[in-house]
Amino acid sequence: MARAAAAADRARTGPLLTGLAAVILAGGRGRRMLPLTADSPKPLLPVGPWTLVEHQITALRALGVDRVVLSTGYRHEDFDVLVQRLRATGMELVTVVEETPLGTGGGLREALKALPDAAAVVVLNGDLLSGHDLAAQVAMLRAASGETTGIVHVREVEDARAYGSVVADDDGRITAFVEKSASPPSLTVNAGTYVVRPELVDDIARDGEVSLEKEVFPALVERGALRAYRESAYFLDVGSPAALVTANRDLLLAPWPGAAPAPRGPSLVLPGAAVDPSAVLTGGTVVHPGAVIGAGARLESALVLAGAHLDAHCQVLRSVIGRRAHVGADVVVTDDALGTEEARTAVAG
């Protein structure tokens, strides 16, 4: 195809950051994040003063990305305020809405249709935080031959069963791509960030739900079109309330490269929150506007969302307290998550 050949040639020879676009896959329901996603898309959950997706966009802007397509589905209208705010800063941001679930491959297919003239496209899963050298991953695609369609960020883990695993030869060519398995073929895993040529759209089924990891990538492996970029940098799949707690803690105590700016320290109390002077906040605790923290409360690695109310002498440890939720006096909440307006007012016996 003439279009594919021209795009491949431009990707190989153009300046590193010219024509670089991005797709953020943000259409999933986030079931592992319940109850927090009962009334919010997962990418809009907060990490410090920002939403999860804003950390991703911060890293993309630093790279020189000039266009972002946000692929949405579940509660897509909730993204409207964020989209308008980012457009006001000069970001060229468009949304593509999945009226029915299309999977990672189907969502990417529809997003790539909006970027036919991009030199290269960075693809991010909407629940991922990564501190790896994204510019180096882009450069790897630029330097690759035209038959290479994509570069997958991979890293080593001690137990690969929870991830898609990757086998690559000494030259970086991926020879096997196996989605989550009880017997993964390697400890090298897919870290969820891809840099692809826009003509990848031609390799995705034209209609319906498609899995990038189970269908598209294995087919690319068969023809030697997928390569691995190896780097064991900061990586967090923010797929559960516990992971959201970790992300907030890390932002305050040891932020990853590319994170949106936030004050460092044991806690962050955002404007509009009310915290009694006798309360103790440690371990990367974040308190959002409208929340009230009572006298003698102890919060360690806690995330307290807008409008929540924590009564006197309660303890919240490594937990998320949802919007307008209520924790009663002397109640202890440990390694847990309360949904919107949920109450925990009885002291466990």
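Preceding block: the structure.
Computed from a predicted structure; not experimentally measured. (Residues numbered from 1 in each chain as written. Predicted model: local features only at pLDDT ≥ 70, side-chain atom pairs only at ≥ 80, totals over all residues. Heavy atoms only, no water.)

Draft legend 1. How the structure looks around the sheet that holds strand β18 (residues 292-293). Spatially, the 5 strands line up as an open sheet ordered β15-β18-β21-β24-β27, and their pairing is parallel. Among the strands making up the open sheet, the edge pair consists of β15 (274-275) and β27 (343-344). The pairing of strand β21 (residues 309-310) with strand β24 (residues 326-327) spans 2 bridges and is parallel. Its bridge partner lying in β24, Leu310 is registered against Val327. (Pairing = 2+ DSSP bridges. Helix = DSSP H or I, 4+ residues; strand = E, 2+ residues; numbered from the N terminus.)

Draft legend 2. Representation of the sheet that holds strand β19 (residues 298-300) in the model. Pairing within the open sheet is parallel, and its 4 strands lie in the order β16-β19-β22-β25. Edge positions in the open sheet fall to β16 (280-282) and β25 (332-334), since each of these has one partner strand only. Taken over all neighbouring pairs, the strand axes of this sheet differ in orientation by 5° on average, direction set aside. Strand direction decides the pairing type here: β19 and strand β22 (residues 315-317), joined by 3 bridges, are parallel. (Axes fitted to C-alpha atoms, helices over the stretch in contact; angles between N-to-C directions.)

Draft legend 3. Examining the packing of aromatic side chains more closely. Taken as a whole, this structure holds 4 aromatic pairs when the rule is applied. Judged by centre distance (6.3 Å) and plane angle (55°), the ring pair of Tyr163 and Phe235 falls under tilted. In this pair, Tyr163 is assigned in the loop between β8 (150-156) and β9 (165-168) and Phe235 in strand β13 (residues 235-237), connecting sequence segments 72 residues apart. Here Phe235 falls in the buried class, since its relative accessible area comes to 16%. (Phe/Tyr/Trp six-rings, centres within 6.5 Å; stacked < 30°, edge-to-face > 60°. Buried < 20%, exposed > 50% of the residue type's maximum accessible area, 1.4 Å probe, protein only.)

Draft legend 4. How the structure looks around the pairing of strand β6 (residues 120-125). The buried count for β6 comes to 6 of 6 residues, which makes it a mostly enclosed element. Both faces of β6 are covered, namely the face carrying Ala120, Val122 and Leu124 and the face carrying Val121, Val123 and Asn125. Across 4 bridges, the pairing between β6 and strand β11 (residues 188-196) is antiparallel. Of the residues in β11, the one forming a bridge with Leu124 is Thr193.

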